[in-house]
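As a plain string of letters, each chain reads:
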Amino acid sequence: MTVIENSRLAIIGAGAVGSSLAYASLIRGSAREVVLYDIDAPRVEAEVLDLAHGTPFTGSSTITGGADLDVIAGANVVVVTAGAKQHPGQSRLDLAGVNVGILRSLMPALVERAPNAVFVLVTNPCDVLAVAAQRFSGLPVGRVFSSGTVLDSSRLRWRLAERLGLAPSSIHAMIVGEHGDSEFPLWSQSRIGPIPIREWLDDAGETMTVEELDQIAFEVKTAAYKVIEGKGATNYAIGLSGARIVEAVLNDEGAVLPVSSVLDDYRGVSGVALSVPSVVDAAGVSRVIDVPFSADEERALHASADTIRASLASLDLA
C-alpha cells in the first residue's frame, strides 16, 4: 500500500488495542505519521520506542508520541482506544459510565488540537460512546463515529470462508446493529461471489441450513468473550480493522463499511449509533446506505436500537 503523503494518524491510548493499532498501521502503511498518546508516560514512551525500532522494516511511515496531548496536533484522523478494560464475563455495555466520563473531558481537548480531524471511537461500548463523543465534540455526525461491527463482520467472513473452503475476499457478508450482544448478520444481503448465501452449494452439494447459519452467527457474536477469557483482551484483529478504517478515510476511498454513526430515521431508527453499511471517505461517514432488510432483520435492528437507547438513558450526556 502506498503511504499517503502528509497523513497524520493519532491514536489515543497505548494499551493492548492502541499499540496493536499503531503496529498494524505501520506495517500496512496506513498513514505517513503515526502518533501514540497515553497519560502513562513510561508505557507510551516504551511502546513508541519499541515500534520505532522496527520502522526500518516497514517503509516510510514514522512513529512518535508521548504523554503530552499536544503530540496529536494537526492529526487527520484520531482513533480513541483509551478507556476501562473489559473483563471476562463483563458485557461491553457495563463499561459505559466510566468511559463516558473519560470522553467528557477528552473530546473537547482532542478537537481543540485536531479541529479538522475525523474521530473514530474504538473504546467500548463503542455505539454508546459514538453518541457521547459526537455530543461532547459538537462536530457533525459523520466526523465522529465508531469502528462498529467492522471487526464482527471480519469474524463472520473468516468463519464462513473456513466452513466453505473459500477466500474471505469472496464472502460478502456483514454484521450490523449493536457491536455487542444484540448484533446480527444481514443474511438477506449476504453473497458468496454473486450468489445469495442461502443458495450456495458446498463441496457436498448442500446448502447451509438456517440452524448452521444461526450457529455461525452465535459464534461470531460471542467470539470476543472467548478471546478475552483466554488471553485477557482482544487486540490484534481490532488493530487491523481499525487500520482498515483509517485507510478508508485517509485515502478518501468511499469504502462501504459497517461503522457505527448516529442515525437519523434509518429504517425508523433515530438518535442512536448503530452499525449499518456506510460510505467512509475523507469526510468520515459521508452517508449511510439504505439497504433492504427482511422483516426479521428490521425487528432485530430496532431491538439493537432499544438496547443502546436504554444504556444512553442511564447516562448523563448533557
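The structure contained in this document is the topic of the report that follows. (Residues numbered from 1 in each chain as written. Predicted model: local features only at pLDDT ≥ 70, side-chain atom pairs only at ≥ 80, totals over all residues. Heavy atoms only, no water.)

**Points about the nonpolar core**
Then, in step 1: Counting 51 residues, the largest nonpolar core has Ile-12, Ile-72, Val-78, Leu-103, Leu-110 and Phe-119 as its most contacted members.
Then, in step 2: Those elements that provide at least two residues to this core are β1 (8-12), β4 (77-80), α3 (96-113), β5 (118-121), α4 (126-137), β14 (273-275) and α9 (295-313).
Then, in step 3: No other element matches the 8 residues that α3 contributes to this core.
Then, in step 4: Among residues more than four places away in sequence, those in contact with Ile-12 are Tyr-37, Leu-69, Ile-72, Val-78, Val-79, Val-80, Thr-81, Ala-82, Leu-106 and Leu-110.
Then, in step 5: Counting residues in hydrophobic clusters, the runner-up holds 34 residues, among them Ala-14, Ala-243, Val-249 and Leu-257. (Core = buried A, V, L, I, M, F, W, Y, C linked by side-chain atoms within 4.5 Å. Buried < 20%, exposed > 50% of the residue type's maximum accessible area, 1.4 Å probe, protein only. Helix = DSSP H or I, 4+ residues; strand = E, 2+ residues; numbered from the N terminus. Contact = heavy atoms within 4.5 Å.)

**What to know about the packing of α4 against α9**
Between two packed helices, what matters for the description is the angle formed by their axes and the separation of those axes.
Then, in step 1: Interhelical geometry of α4 versus α9 gives an angle of 55 degrees and a closest axis separation of 10 Å. The angle between the axes of α4 and α9 places the two elements in the oblique class. Both α4 and α9 take part in a crossing whose hand is right-handed. Only Ile-308, Ser-311 and Leu-312 of α9 make contact with α4, whose side of the interface consists of Asp-127, Val-128 and Val-131.
Then, in step 2: Here the contact of α4 with α9 is composed, by residue class, of 4 nonpolar, 1 polar and 1 charged. (Axes fitted to C-alpha atoms, helices over the stretch in contact; angles between N-to-C directions. Parallel < 35°, antiparallel > 145°, perpendicular 65-115°, else oblique. Left-handed = near helix turned anticlockwise from the far one by under 90°. Nonpolar A, V, L, I, M, F, W, Y, C, P; charged D, E, K, R; others polar.)

**Let's talk about unusual backbone geometry**
Then, in step 1: The omega torsion across Asn-124 and Pro-125 is 0 degrees, close enough to zero to call that bond cis.
Then, in step 2: Here Pro-125 is to be found in the loop between β5 and α4.
Then, in step 3: If you check the backbone angles, Asp-265 has positive phi at about 55 degrees while not being a glycine.
Then, in step 4: Within the secondary structure, Asp-265 is located in the loop between β13 (260-262) and β14.
Then, in step 5: Residue Arg-267 is not a glycine yet carries a positive backbone phi of 50 degrees.

**Describing the pairing of strand β2 (residues 33-37)**
Then, in step 1: For β2, the tally of buried residues reaches 4 of 5 residues, placing the bulk of the element in the interior.
Then, in step 2: As defined by bridge partners, β1 adjoins β2 across 5 bridges and the pair is classed as parallel. Within β2, the position partnered with Arg-8 by the bridge is Glu-33.
Then, in step 3: Between the parallel pair β1 and β2, the chain is carried across by helix α1 (residues 16-28), and the sense of this crossover is right-handed.
Then, in step 4: Both β2 and strand β3 (residues 62-66) contribute to a ladder of 5 bridges, which runs parallel. Counted as the bridge partner of Glu-33 is Thr-62 from β3. (Pairing = 2+ DSSP bridges. Right-handed = clockwise from strand over helix to strand, strands pointing away.)

**Digging into the sheet that holds strand β16 (residues 284-288)**
Then, in step 1: With antiparallel pairing, the 3 strands of this open sheet are ordered in space as β12-β15-β16. The sheet is open, and its two edges are formed by β12 (255-257) and β16, each paired on a single side. The average angle at which neighbouring strand axes cross in this sheet is 40 degrees, direction not considered.
Then, in step 2: Bridge count between strand β15 (residues 278-281) and β16: 4 bridges; the pairing is antiparallel. The partner of Ser-278 across the bridge, within β16, is Val-288.
Then, in step 3: Packing against the sheet, helix α8 (residues 236-250) makes contact with β12 and β15, and its axis sits at approximately 70 degrees to β15.

**Examining the environment of Thr-207**
Then, in step 1: Within the secondary structure, Thr-207 sits in the loop between β11 (195-196) and α6 (210-221).
Then, in step 2: Judged by its relative accessible area of 36%, Thr-207 falls in the partly exposed class.
Then, in step 3: Separated by 10 residues in the primary sequence, Thr-207 and Ala-217 have C-alpha atoms spaced 16 Å apart.
Then, in step 4: With near-sequence residues (within four places) excluded, Thr-207 lies in contact with Arg-198, Glu-199, Trp-200 and Leu-201.

**Notes on the packing of aromatic side chains**
Then, in step 1: Applying the stated criterion across every chain yields a total of 1 aromatic pair.
Then, in step 2: Between Tyr-266 and Phe-293 the ring centres are 6.3 Å apart and the planes differ by 75 degrees, which places this aromatic pair in the edge-to-face class. Here Tyr-266, found in the loop between β13 and β14, pairs with Phe-293, found in the loop between β16 and α9; they are 27 residues apart in sequence, far enough to count as distant. In terms of burial, Tyr-266 and Phe-293 fall into one category: buried. (Phe/Tyr/Trp six-rings, centres within 6.5 Å; stacked < 30°, edge-to-face > 60°.)

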